[in-house]
Amino acid sequence: MTFLPSKNTSEASTNIAAKTKSVVEGISIDCVIFSFDKKNLEVLLVQHAIGQSIGKWGLLGGDLELEESIDNAALRILHELTSLDNIYLEQLKAFTDPDRVSNARVITVGYYTLVNREDYNIKASETVIEAKWFKINEIPDLIFDHNEILEFSLMQLRNRVRQAPIGFNLLPEKFTLLQLMHLYEEIQGIELDKSNFRRKILHMKLLVALEEKQQDVSHRAAKLYKFDEAIYKKLTEKGFNFEF
């Protein structure tokens, strides 16, 4: 990852972008990267090594290059961090508060993405002191309006998981019903009834029961499942109403 140096003190001075490309002044992209670590919903933050925000934590950000769309810019920024394509990505909105960045007028377009940590090798570059996962309830004060962007993305995620099975992007290929329930509990910030959740999720015919169980666990091994790709695609496109 590389930061694009800037002569002013705008958000662009701390964003990640290609050094050799021309960028659109006054527009940036900020990405909220969610992951799920067994029982905890987490967000990836980066600690900046240069610019006015040196030593401070913030979302992964970048600039809009002159020859690319906003969506492609977001995909590029994420690819530079994870080195992988085909990431689930959803645009949030534009954050336009004129005072969001001091001494400059910078509009940022927010995105959020859901990643399974097992599939990604995330590394910080020499321009980032550290890239670190934070539990959703342990987020520090972030630069600019990044706390606001994060809160908005979490609200959007909570709405979306009721309409499409996007949460599966946070799970390993094989998982237990309890892992799936913990995921929904973390996203929604509520406690679910185990039997009721099991009945509803199995009724959707979205899961495929495997002839496998958990390995190397101290408790009774639970049955493993995976999602049915055809039904997953259909429900993602068509939508559904999954009330807890």
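If you're wondering where the values come from, they're calculated on a predicted model, not measured in any experiment.

A. Expanded view of the overall build of the protein. The helix and strand inventory of the protein stands at five helices and nine strands. Shown N-terminal to C-terminal, the secondary structure of the protein runs as helices and strands in the order β-β-β-β-α-β-β-β-α-α-α-β-β-α. Across the 244 residues of the protein, 47% fall into the buried class. In the protein, of all internal contacts separated by at least 6 residues, the share reaching a separation of at least 24 is 67%.

B. Representation of the layout of surface pockets within the structure. In this model, the largest pocket occupies a volume close to 530 Å³. Forming the boundary of the largest pocket are 18 residues, of which Asn86, Phe168, Asn169, Phe227 and Tyr232 lie nearest the centre. Contributing elements (two or more residues each) for the lining of the largest pocket: strand S5 (88-95), strand S9 (223-227) and helix H5 (229-238). Here the residues of the lining of the largest pocket sort into eleven nonpolar, three polar and four charged. A volume near 370 Å³ is recorded for the second largest pocket. Considering the residues around the second largest pocket, the lining is formed by 16 residues, among which Lys38, Glu118, Pro172, Lys174 and Gln179 are closest to the centre. Its residues placed into classes, the lining of the second largest pocket shows seven nonpolar, four polar and five charged.

C. The arrangement of the nonpolar core in detail. Core analysis: the biggest nonpolar cluster contains 43 residues, and Phe34, Tyr112, Phe168 and Leu180 have the highest contact counts within it. Here the element with the most residues in this core is helix H3 (residues 177-188); it accounts for six residues.

D. Broad picture of the packing of H3 against helix H4 (residues 194-203). Packing of H3 against H4 brings their axes to within 11 Å, and their N-to-C directions diverge by 100°. By the angle between their directions, the pair H3 and H4 is classed as roughly perpendicular. Residues Leu177, Leu180, Met181 and Tyr184 of H3 lie in contact with H4, whose contacting residues are Lys194, Phe197, Arg198, Ile201 and Leu202. Of the residues belonging to the contact of H3 with H4, the class tally is seven nonpolar, no polar and two charged.

E. Expanded view of the packing of aromatic side chains. Considering all chains together, one arrives at nine aromatic pairs under this definition. Considering the side-chain rings of Phe95 and Phe152, the 5.9 Å spacing of their centres and the 90° angle between planes classify their relative orientation as edge-to-face. A residue pair is termed long-range when its members are at least 10 positions apart, and Phe95 in strand S5 and Phe152 in helix H2 (residues 146-160) qualify at 57 residues. Owing to a relative accessible area of 3%, Phe95 belongs among the buried residues under this scheme. Of the residues examined, Phe152 reaches a relative accessible area of 22% and is grouped as partly exposed. Grouping aromatic residues by their ring pairs yields a cluster made of Phe168, Phe175, Phe227 and Tyr232. The lysine or arginine in question, Lys93, covers the ring of Phe152, its NZ or CZ lying 4.7 Å from the ring centre.

The rules we used
- Residues numbered from 1 in each chain as written.
- Predicted model: local features only at pLDDT ≥ 70, side-chain atom pairs only at ≥ 80, totals over all residues.
- Heavy atoms only, no water.
- Helix = DSSP H or I, 4+ residues; strand = E, 2+ residues; numbered from the N terminus.
- Buried < 20%, exposed > 50% of the residue type's maximum accessible area, 1.4 Å probe, protein only.
- Contact = heavy atoms within 4.5 Å.
- 1 Å grid on protein atoms, 1.4 Å probe; cavity = no way out; pocket = protein on both sides within 12 Å on 5 of 7 lines; lining within 4 Å.
- Points joined across faces, edges and corners; volume = space filled by probe spheres on them.
- Nonpolar A, V, L, I, M, F, W, Y, C, P; charged D, E, K, R; others polar.
- Core = buried A, V, L, I, M, F, W, Y, C linked by side-chain atoms within 4.5 Å.
- Axes fitted to C-alpha atoms, helices over the stretch in contact; angles between N-to-C directions.
- Parallel < 35°, antiparallel > 145°, perpendicular 65-115°, else oblique.
- Phe/Tyr/Trp six-rings, centres within 6.5 Å; stacked < 30°, edge-to-face > 60°.
- Lys NZ or Arg CZ within 6 Å of the ring centre and 35° of its normal.

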